[in-house]
Structures are given as C-alpha cells and as structure tokens.
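# Structural description and commentary
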Amino acid sequence: MNLQEDIPLAPLTTLQVGGAARYFVEATTETEVREAVDWALLREYPMFVLGGGSNLVVSDAGWPGLVLKIGIVGIEEHVQQDRVRFNVGAGEDWDHFVAHAVARNCAGVECMSGIPGSVGGTPVQNVGAYGQEAGDTICRVLALDVEDMQTREMAAEDCGFSYRTSIFNSTHRGRYIILRVAYELTMGGSPSIRYADLQRYFAGWAQPPSLVQVRDAVRTIRAGKAMLITAGDEDCRSAGSFFKNPVLSESEYQSLVAEATSRGLQIPSYPMVSSQKKVSAAWLVEHSGFAKGFNLGRVGISRKHALAIVNRGGATAADIFELKYMIEQRVREQWGVQLMPEPVFVGF
Ligand SMILES: Cc1cc2nc3c(=O)[nH]c(=O)nc-3n(C[C@H](O)[C@H](O)[C@H](O)COP(=O)(O)OP(=O)(O)OC[C@H]3O[C@@H](n4cnc5c(N)ncnc54)[C@H](O)[C@@H]3O)c2cc1C
C-alpha cells in the first residue's frame, strides 16, 4: 500500500476545486483496498472512496482522513449465445469500457458513451443518459462491506436502482466499496435511439444506425453541450448536471403547470411511475434568471448547458456554493420547487 500525505484533490476532480486529502492511497487490488480500509479503521480516520472525481464538490478544507482511490482495472468477458457478461474492475474508465463493448458489437450501454468517471461510479448514482441507465444492464456488483469486511456479490435487485439513486448513495451510503461491476449486454443488439436528440441526429438516414454510429452521435451531441471532457473547453470544468430533474407529485406538477401557463410558458416534463412527473431542472434554472453563460466572479453557468455550474478558473468550493444557493433560492421563489444537487459534497 502506497500511503501518501497531503495530496491536493482539486486536480483529481473535473470541477477542480477544494483542498487536500490528509492521507491518500490508490488501491489497485482487493487486497490493497482491504489494507487501506484496515489502516483507516484502526486509526478511526474518516474515509472517502474516490473514483474518477467527476461527480464531486470537495470543500476548501479538503478531507481530514483517508481518501481511497479505487484503481482496480481489467475487463473480463463471458459469452453465452448472444448474451455477453462483462466483469469490469471498478477503477476502469467508464467510457473506455463503453468503447470496448461497442467494438465487441454489444448493445446496452452505447447511449452512455462519453460520461466521465469510473465503472465503480456507475452503480452509485445509477448513471444514465439518452434513455439508458446503468441499472438496466448491471447484473452483479462485487463490493467490500466495511461494516464486517466481507466481500458481497449483489444482484441488481439488491442495489435499489431508480432515477440517479441506488442503495450506495442513499440507504447504505458509505458502507460498500465497489470492487467490480458486471454488465450483461446483447451481442448484435440494436442500438437505442429513443431520445429526441438522437432521433433528430439520425432523421433522414436510409439505414438504422449501428452501435458505433450511435456512440459517435452521443459523443458529438455531448461535446456540443460541454458534457464530454474536452481539453481546452472551459465549460467542461464542471461536475456535469449540478441539479437533478425534480420528481413531482401530480398535484405539485399541476400547480407548476398552472404557474407556467399563467406566464405563457410550457415546462418540459417526462412521465414517471405512479403518476409522478419529472420536470426539467434546466428549464427551471433558465426561467429563474440564470441564462447559459451567466457569471458570478470565478464561477458561472456553462455557455452550452444550463445545468452545469462551471469553474471559470481559480474558483473555490465556497464560490460554487454561493452560486448553488443563489440558484436554489431563486427557483424556490419563482416556481416553488426545491432543486436537489446531483454531485456529492466532500468534507463539508
Ligand atoms: C462533463 C460531465 C458530464 C456528466 N454527464 C453525466 C450523465 O450524462 N449522466 C450521469 O448520470 N452522470 C453524469 N455525470 C456525473 C458523473 O460523471 C457520474 O456520476 C459518474 O458515474 C461518477 O463516477 P466517478 O467515478 O467520477 O465518481 P466520483 O465522482 O469519484 O464519486 C462519486 C460518488 O461515488 C462514490 N464512488 C465512486 N467510486 C466508488 C467505488 N468504487 N465504490 C464506492 N463508492 C464509489 C464516491 O464515494 C462518491 O460518493 C457527468 C459529469 C461530468 C463532469
């Protein structure tokens, strides 16, 4: 185990704010993970598990205990007729895995091309994009339970996947360290092009697109919204979408629609289970006075995406917080909706 001290965390995150980790270990095997956890438990140091740092806001004070970065890599493949099970190390880069699966002509994750971060991060908030969610194809999660130091193999049903939620970021937050994730994909399956952006992209094509073409399309669309990490694009210095799309009850939704209608506006919404409605957080932010490109000192809103708070250079976590509060407050005042942030706040 390579224990380091006072390691700056900002460069290990996409938002690039925050202080240092008092102690830092990158573990590349399960044994190293166990060793690091034992070390922290023995000293009663708080521990934070780091993946690709793409969904984090680290406090300016940093982290007082151990930051454990998961660096377990490797992709194993088990083929059974047209079903292919990929058993992937949690530290593997997610988009590298998607590229691999698409190159193997396997469908199920192509719409999630270009999402930054690690494979281990995908079950945590059940990542999703363009009509696919990680939970649709995850069949097993192998995790270390830090309560009793047992390794557990969990089926998808045990992970409690729903919109941007799993047991790993809700009921059992902090309990499991994800070591490997297994995805079951369909070899030769058709790509999913359900979402409007993709349908527009392929409108007029004589042939249905291939998996590779859908992957390329998703990456192109994402790049246009600064949702693909691209060197030199300042609007990518973000944690992706900063707020979740609010899920409203039927009556909450109806009063929001009535308010919008009275102002001559129409709010985009998507049906959910049991008569709930998911409404567009981006719309709420934009219609509360925060246009794309809005600036507040060293932070602002991406010029290409209304939901991304960006570090314009040299920002602190306190700057990010100030803008977050401002947006939440204005949306509450204007529309009576409480926005919930999507990133994880570390050391606050
Ligand atoms: C430009 C941009 C675009 C994005 N687009 C999308 C999108 O389209 N859809 C979407 O859903 N998300 C999106 N995100 C958010 C982010 O990429 C995902 O949430 C990603 O899965 C986070 O993974 P990570 O490895 O970076 O996790 P981190 O940011 O390092 O950590 C996030 C959380 O997961 C936990 N965690 C990470 N790895 C492990 C592990 N091995 N075991 C246990 N816990 C772990 C951490 O403790 C933390 O609580 C975007 C982010 C950016 C910057």
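Report on the accompanying structure.

Criteria and thresholds
Throughout, a residue's number is its position along its own chain's written sequence, starting from 1. Totals for whole chains, interfaces and linings use all residues, but because this is a predicted model, local features are given only for residues with pLDDT of at least 70 and pairs of side-chain atoms are given and counted only at 80 or more. Side-chain metrics rest on all non-hydrogen atoms present in the structure, leaving aside hydrogens and water. Counting from the N terminus, the helices are DSSP H or I runs at least four residues long and the strands are E runs at least two residues long. Only protein chains enter the accessibility calculation, which uses a 1.4 Å probe; a residue is then buried when its area is under 20% of its type maximum, exposed when over 50%, and partly exposed in between. For the accessible areas, the method is Shrake-Rupley and the probe is 1.4 Å, while residue cover comes only from the protein chains on display. Polar contacts here mean pairs of N or O atoms no more than 3.5 Å apart (in protein, one a potential hydrogen donor and the other a potential acceptor; neighbouring residues in sequence count only if both atoms are side-chain atoms). Whether two residues are in contact is decided by their heavy atoms, any of which lying within 4.5 Å being enough. In this analysis, strands are considered paired if DSSP registers two or more bridges between them. Nearness of a residue to a molecule or strand requires only that one of the residue's heavy atoms be within 4 Å of it. What a helix should span is 1.5 Å times the count of its residues minus one. Think of the arc as the fan of directions from the helix axis to the C-beta atoms. By nonpolar core is meant a set of buried Ala, Val, Leu, Ile, Met, Phe, Trp, Tyr and Cys residues that side-chain atoms within 4.5 Å join together. Note on definitions: the grid is 1 Å and covers protein atoms alone; a cavity is a set of points where a 1.4 Å probe fits but cannot get out; a pocket is an open set with protein on both sides within 12 Å along at least five of seven lines; lining residues have an atom within 4 Å of a point. Grid points are joined across faces, edges and corners, and a volume is the space filled by probe spheres set on the points. All amino acids are sorted into three groups, where Ala, Val, Leu, Ile, Met, Phe, Trp, Tyr, Cys and Pro are nonpolar, Asp, Glu, Lys and Arg are charged, and the leftover types, Gly among them, are polar.

## What to know about the overall build of the protein
Within the protein one finds nine helices and 20 strands. Considered along the principal axes of its C-alpha atoms, the protein spans approximately 60 × 50 × 40 Å. Across the 348 residues in the protein, those meeting the buried criterion constitute 50%. Surface exposure of the protein reaches about 15500 Å², of which carbon and sulfur atoms provide 49%.

## With respect to the side chain of Asn 245
As for its placement among the helices and strands, Asn 245 is situated in the loop between helix H6 (211-224) and strand S14 (247-248). A polar atom in the side chain of Asn 245 sits 2.9 Å from the backbone nitrogen of Ala 281. In this structure, Asn 245 is in contact with Tyr 163, Tyr 270, Lys 278, Val 279, Ser 280, Ala 281, Ala 282 and Leu 307, ignoring residues within four places of it in sequence.

## Considering the sheet that holds S14
Spatially, three strands are ordered S14-S16-S15 in an open sheet, and the strand pairing comes out antiparallel. Every other strand in the sheet has two partners, leaving S14 and strand S15 (269-271) as the edge strands with one partner each. Of the strand pairs in this sheet, S14 and strand S16 (residues 277-279) are connected by two bridges, and their pairing is antiparallel. For Leu 248, the partnering residue across the bridge sits in S16 and is Lys 277.

## Points about the site of the ligand
Near the ligand there are 34 residues, and of these Val 49, Gly 52, Ser 54, Ser 118 and Arg 222 occur at the shortest range. Between the ligand and Val 49 there is a distance of 2.6 Å, counted from an oxygen atom to a backbone nitrogen or oxygen. Between the ligand and Gln 125 there is a distance of 2.8 Å, counted from an oxygen atom to a side-chain nitrogen or oxygen. Contact with the protein chains removes 94% of the 960 Å² of surface that the ligand exposes when unbound. Within the residue set of the shell around the ligand, elements represented by two or more residues are strand S3 (47-50), helix H3 (121-124), strand S9 (128-129) and strand S13 (176-187).

## Quick notes on the environment of Phe 321
By the element assignment, Phe 321 lies in helix H9 (residues 317-335). Non-local contacts of Phe 321, meaning those with residues more than four positions away in its chain, are made with Phe 345 and Phe 348.

## Looking at H6
Between the first and last C-alpha of H6 there are 20 Å, a value that for 14 residues agrees with the 20 Å anticipated at 1.5 Å per step. Those residues of H6 that sit buried are Leu 211, Val 214, Arg 215, Ala 217, Val 218, Ile 221 and Arg 222. One side of H6 holds all its buried residues, which, seen down the axis, span an arc of 165°. Against helix H2 (94-103), strand S8 (106-107), S9 and helix H5 (196-202) lie the buried residues of H6. Of the residues one or two after H6, Ala 226 is the one with positive phi, at around 55°.

## Overview of the nonpolar core
Among the nonpolar cores identified, the biggest contains 56 residues, and Val 33, Leu 68, Trp 94, Phe 97, Ile 177 and Tyr 183 are the most heavily contacted of them. Element by element, the count of residues in this core is highest for S13, at seven residues. Once residues lying within four places of it in the same chain are set aside, the contact partners of Leu 68 are Val 25, Ala 27, Val 33, Ala 36, Val 37, Met 47, Phe 48, Val 49, Leu 50 and Ile 177. Membership of the second largest hydrophobic core comes to 31 residues, among which are Ile 267, Leu 284, Ile 301 and Ile 327.

## Quick notes on empty space enclosed by the protein
For the coordinates displayed, the defined rule picks out one cavity of 30 Å³ or more. Empty space within the largest cavity amounts to approximately 30 Å³. Lining the largest cavity are Leu 9, Thr 13, Phe 48, Leu 50, Leu 56, Val 58 and Val 346. Elements that contribute at least two residues to the lining of the largest cavity include exactly S3 and strand S4 (56-58). Among the residues making up the lining of the largest cavity, the classes are represented as six nonpolar, one polar and no charged.

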